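Descriptive analysis of the structure
Chain by chain, the residues:
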Amino acid sequence: MDLVRSILLQAESAGCPLSLGQISHEGHTDEETVFHIRLMEGRGLISARVQTAWGGEVLMCEIESLTLEGLDFLDAVRSERVWSRVRRAISESVGDTTLDVVKT
């Protein structure tokens, strides 16, 4: 969830399409980041383009924009203070959760 939040914050601040090379994803591989970008697109948080080669190598990955759903989610977790409390509550109670639960 930290990676999802970080990607959303970066995409919002960029204000224009954001390529994989421009995304800070410290502690995560390019593959993990692309996987999360695909998940975020599937959940309707972002509009993105990902092209892979036959063997699965990523040729191009770009976040085009945040969707209204992505902006709503980001508004719910934007504050560092709120985000810290949410992370602590989740880890103490269930360990992992869904985007919908975090947003709520």
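In what follows, the accompanying structure is described. (Residues numbered from 1 in each chain as written. Predicted model: local features only at pLDDT ≥ 70, side-chain atom pairs only at ≥ 80, totals over all residues. Heavy atoms only, no water.)

1. Digging into the environment of phenylalanine 73
Mapped onto the elements of the fold, phenylalanine 73 is located in helix α3 (residues 68-77). With relative accessibility at 1%, the residue phenylalanine 73 sits in the buried group. Considering only alpha carbons, one finds phenylalanine 73 and leucine 8, 65 residues apart in sequence, at a separation of 9.0 Å. (Helix = DSSP H or I, 4+ residues; strand = E, 2+ residues; numbered from the N terminus. Buried < 20%, exposed > 50% of the residue type's maximum accessible area, 1.4 Å probe, protein only.)

2. Focus on helix α2 (residues 30-42)
Helix length check: α2, at 13 residues, gives a terminal C-alpha distance of 18 Å against a target of 18 Å (1.5 Å per residue), a fit within 8%. For α2, the full list of buried residues reads Thr33, Val34, Ile37 and Met40. Along the long axis of α2, the arc covered by the buried residues comes to 120°, so they all point the same way. Summarising the geometry of α2, the exposed residues directed more than 90 degrees from the buried face are Glu31 and Gly42. Summarising the contacts, the buried residues of α2 are in contact with α1 (2-14), β2 (46-52) and β3 (58-66). (Expected span 1.5 Å × (residues − 1). Arc of directions from axis to C-beta. Contact = heavy atoms within 4.5 Å.)

3. Focus on the nonpolar core
Grouped together as the largest cluster of nonpolar side chains are 23 residues, with contacts concentrated most on Ile7, Leu8, Ile37, Met40, Leu45, Ile46 and Ile63. Each residue touching isoleucine 37, except ones within four places of it in the same chain, is listed here: Ile7, Ile23, Ile46, Ala48, Val50, Cys61 and Ile63. (Core = buried A, V, L, I, M, F, W, Y, C linked by side-chain atoms within 4.5 Å.)

4. Re the side chain of arginine 5
The topology assignment puts arginine 5 in helix α1. With residues up to four places along the chain from it excluded, the contact list for arginine 5 reads Leu74, Val77, Arg78, Ser79, Glu80 and Trp83.

5. What about the environment of valine 34?
Secondary-structure assignment places valine 34 in helix α2. Separated by 27 residues in the primary sequence, valine 34 and cysteine 61 have C-alpha atoms spaced 7.1 Å apart. Apart from the residues within four sequence positions on either side, valine 34 is in contact with Leu20, Val50, Val58 and Cys61.

6. A short note on the sheet that holds β2
Ordered by their spatial adjacency, three strands build an open sheet running β1-β3-β2, and the pairing between neighbours is antiparallel. Each of the sheet's edge strands pairs with one partner strand only, and the pair in question is β1 (18-19) and β2. Where β2 lies against β3, seven bridges are found, and the strand directions are antiparallel. Across the sheet, the residue bridging to arginine 49 is glutamate 62, located in β3. Its contacts with the sheet place α1 against β1, β2 and β3, and it is angled at close to 70° to β3. In the packing of α2 onto the sheet, contacts are made with β2 and β3, and the angle to β2 comes to roughly 135°. (Pairing = 2+ DSSP bridges. Axes fitted to C-alpha atoms, helices over the stretch in contact; angles between N-to-C directions.)

Shape descriptors only; they carry no functional weight alone.
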